[in-house]
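# Coordinate inspection notes
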Amino acid sequence: MKFCKIFNHRLLLAVCNLLFMTCGIGLLAVGFYVLCDGPRVLLSRLIISSLDNSPLTNLSQPFFFYVALGIIVAGLIASIAAALGVWASCINRYCILSLYFLIVIILLFFEFAICLIITMWPQCLGLTLNTTAMVKTLQGYYGIPGEEQFTAAIDLAQVKFQCCGINTSINYDTSMWKLQEGLGKKELTVPLTCCHLSNKDDRDAYLDPKPVNTTLCQALQLHDYEKHRYVDSCVDKIEQWYREQYIYFLGAGVLIALVEFSVLLSIILSCTRIYKKKPKRKTLEEIEVHREPITNIYHDGFPPTLPEIREVFVQPPPAHHSSKHRKQQHVQSFKPSHNGHSNGVNNYSVNRSYLV
């Protein structure tokens, strides 16, 4: 019984709001972590297909940079909404809870819309790994002045995933980096990040690659460079990395959506309890039904302890009397006699008194 009194709807709403605020603070932390994770943000530059007329092709920063900013904004909104929910649980008013309910519904709608767009129509945002488009992007933008960000992203992917080229190292044979003078070195068959590096464990190895054997790495024959150069393609590993990131973000979104659903259920429960506690107005019919019956004193007789009944008659003073004369009251009272009542007959004695 005590547990039922303690575990009420207000406690449930407070717990759900606490979980919601924890999710908001967690989103803020994740957003700042992703924003500070330079390699992760840089690799997201390869997700966007630059030659597919995507609306994201003109972004000045990699895709995950804006994702991190969106996560920070979402965490801030969730924290503010959770603080409003805590205040609403303390006030426990129907209008405040309705406003909180509307805010949570709007957040759920936007989360569902974003997840649906990214899952069902990734090509609408350019979030696709089209091998042909990525090869054209590599051949047209790698090593070009002004495209240092894309060049660094390719170098990072080749060092991190130990691969070379999008689908083969031959992609560099017809690239602008290889053909134009001054962009690359003609003696290099592939970039140095395709070679086995002695400093591969360094965080910034893609910016300053140090091959174990540069001569054998740049050899033309397979049997010469296969032990000193990465031969795997990068597109499959980039796609696998992208799927892993998507699963992380989707799992976090589902967890937050479950917390928001629990908040909605607690708000509905609180609103129903508030509605039940409101006093109901009784109709005229209910008042007539619950009205106490009137006893018939003529039929049932007087009770044994009958109070004295008085009739007061006020006699007006004569017209010739002055105002200084006091008014005279004639009081007549009557009550049943005890002698007669004992015999079953109600006898009344009348007393007259004059109050001057």
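Residues numbered from 1 in each chain as written. Predicted model: local features only at pLDDT ≥ 70, side-chain atom pairs only at ≥ 80, totals over all residues. Heavy atoms only, no water.

### Some words on the overall build of the protein
Along the backbone of the protein there are 14 helices and 3 strands. Put simply, 66% of the contacts in the protein that link residues at least 6 apart link residues at least 24 apart. For the protein, the accessible surface area stands at approximately 23200 Å², while carbon and sulfur atoms represent 62% of it. (Helix = DSSP H or I, 4+ residues; strand = E, 2+ residues; numbered from the N terminus. Contact = heavy atoms within 4.5 Å. Areas by Shrake-Rupley, 256 points an atom, 1.4 Å probe, with all protein chains shown as cover.)

### A word on the nonpolar core
Core analysis: the largest hydrophobic core is formed by 65 residues, its most contacted members being F20, L46, Y100, I154, Y172 and I238. Elements with a minimum of two residues in this core: α2 (9-36), α3 (38-43), α4 (63-91), α5 (94-120), α6 (131-141), α7 (148-160) and α11 (235-277). Ranked by residue count, the leading element in this core is α11, at 11 residues. Those residues in contact with I154 that lie beyond four places of it in its chain are L46, L138, Y142, I166 and Y172. (Core = buried A, V, L, I, M, F, W, Y, C linked by side-chain atoms within 4.5 Å. Buried < 20%, exposed > 50% of the residue type's maximum accessible area, 1.4 Å probe, protein only.)

### Examining the state of the cysteines
For the structure shown, the criterion picks out 3 disulfides. At a sulfur-sulfur separation of 2.3 Å, the disulfide partner of C164 is C194. Between C164 and C194, the S-S dihedral sits near 85°, and the bridge is therefore right-handed. Of the two residues, C164 is situated in the loop between α7 and α8 (176-179) and C194 in the loop between α8 and α9 (214-217); the sequence distance between them amounts to 30 residues. When its relative accessible area of 0% is taken as the criterion, C194 is described as buried. A sulfur-sulfur distance of 1.7 Å marks the disulfide that ties C195 to C217. Between C195 and C217, the disulfide has an S-S torsion of -85° and is therefore left-handed. On the criterion of sequence distance, the pair formed by C195 in the loop between α8 and α9 and C217 in helix α9 is long-range, its members being 22 residues apart. C217 matches C195 in its accessibility class, with the two residues each being buried. Looking at the protein, its bonded cysteines, counted consecutively from the start of the sequence, adopt the pairing 1-6, 2-3, 4-5. (Disulfide = S-S within 2.5 Å.)

### Structural notes on a nonpolar patch on the surface
Together, L102, I106, F109 and F110 give the surface a local cluster of nonpolar side chains, amounting to about 430 Å² of exposed area. Within the secondary structure layout, F110 lies in helix α5. (Patch = residues over 30% accessible without salt bridge, like charges linked within 9 Å, V, L, I, M, F, W, Y side chains within 5 Å. Salt bridge = Lys/Arg side-chain N within 4 Å of Asp/Glu carboxyl O.)

### Digging into the side chain of N199
Relative to the helices and strands, N199 is located in the loop between α8 and α9. N199 gets classed as buried once you look at its relative accessible area, which sits at 10%. A polar atom in the side chain of N199 sits 3.3 Å from the backbone nitrogen of K210. Setting aside residues up to four positions removed in sequence, N199 forms contacts with A205, D208, P209 and K210. (Polar contact = N/O pair within 3.5 Å; in protein donor to acceptor, adjacent residues only side chain to side chain.)

### Structural notes on a negative patch on the surface
Taken together, the side chains of D201, D202, D204 and D208 make up a negatively charged region of the molecular surface. With respect to the helices and strands, D201 occurs in the loop between α8 and α9. Looking at D201, the relative accessible area reads 73%, which means it is exposed. (Lys, Arg positive; Asp, Glu negative; His and termini not counted. Charge placed at Lys NZ, Arg CZ, Asp CG, Glu CD.)

### As for the environment of N167
By the element assignment, N167 lies in the loop between α7 and α8. A C-alpha to C-alpha distance of 6.2 Å links N167 and C234, two positions 67 residues apart in sequence. Those residues in contact with N167, other than ones at most four positions away along the chain, are T131, V135 and S233.

### Some points on the confidence of the model for the protein
Taken as a whole, the protein shows an average pLDDT of 75; of its residues, 67% reach a score of 70 or greater. Mean pLDDT per element in the protein: helix α1 (residues 2-6) is the minimum at 46, and α7 is the maximum at 92. Segment residues 1-6: pLDDT under 50, and 1 contact once partners within four positions in sequence are set aside and those in other chains are kept. The low-confidence segment residues 323-334 (pLDDT under 50) makes 41 contacts with residues lying over four places distant or belonging to another chain. (pLDDT = per-residue confidence, 0-100.)

### Re the pattern of salt bridges
Throughout the structure, instances matching the rule amount to 3 salt bridges. Between E239 and R243 there is a salt bridge whose closest N-O contact spans 3.9 Å. Of this pair, E239 and R243 both sit in helix α11, 4 residues apart, roughly one helical turn. Residue class for E239 comes out partly exposed when judged on its relative accessible area of 30%.

### Description of α6
Of all the residues in α6, the buried ones are A133, M134, V135, T137 and L138. Note on α6: the residue one or two positions beyond its end, G143, has a positive phi of about 75°.

### Notes on the packing of α6 against α7
α7 packs onto α6 with a crossing angle of 120° between their chain directions and a minimal axis gap of 10 Å. Judged on the interaxial angle alone, α7 and α6 are oblique. Between α6 and α7 lies a crossing of left-handed hand. From α6, T137, L138 and Y141 reach across to α7, where they touch F150, T151 and I154. Across the contact of α6 with α7, the residue classes break down as 4 nonpolar, 2 polar and no charged. (Axes fitted to C-alpha atoms, helices over the stretch in contact; angles between N-to-C directions. Parallel < 35°, antiparallel > 145°, perpendicular 65-115°, else oblique. Left-handed = near helix turned anticlockwise from the far one by under 90°. Nonpolar A, V, L, I, M, F, W, Y, C, P; charged D, E, K, R; others polar.)

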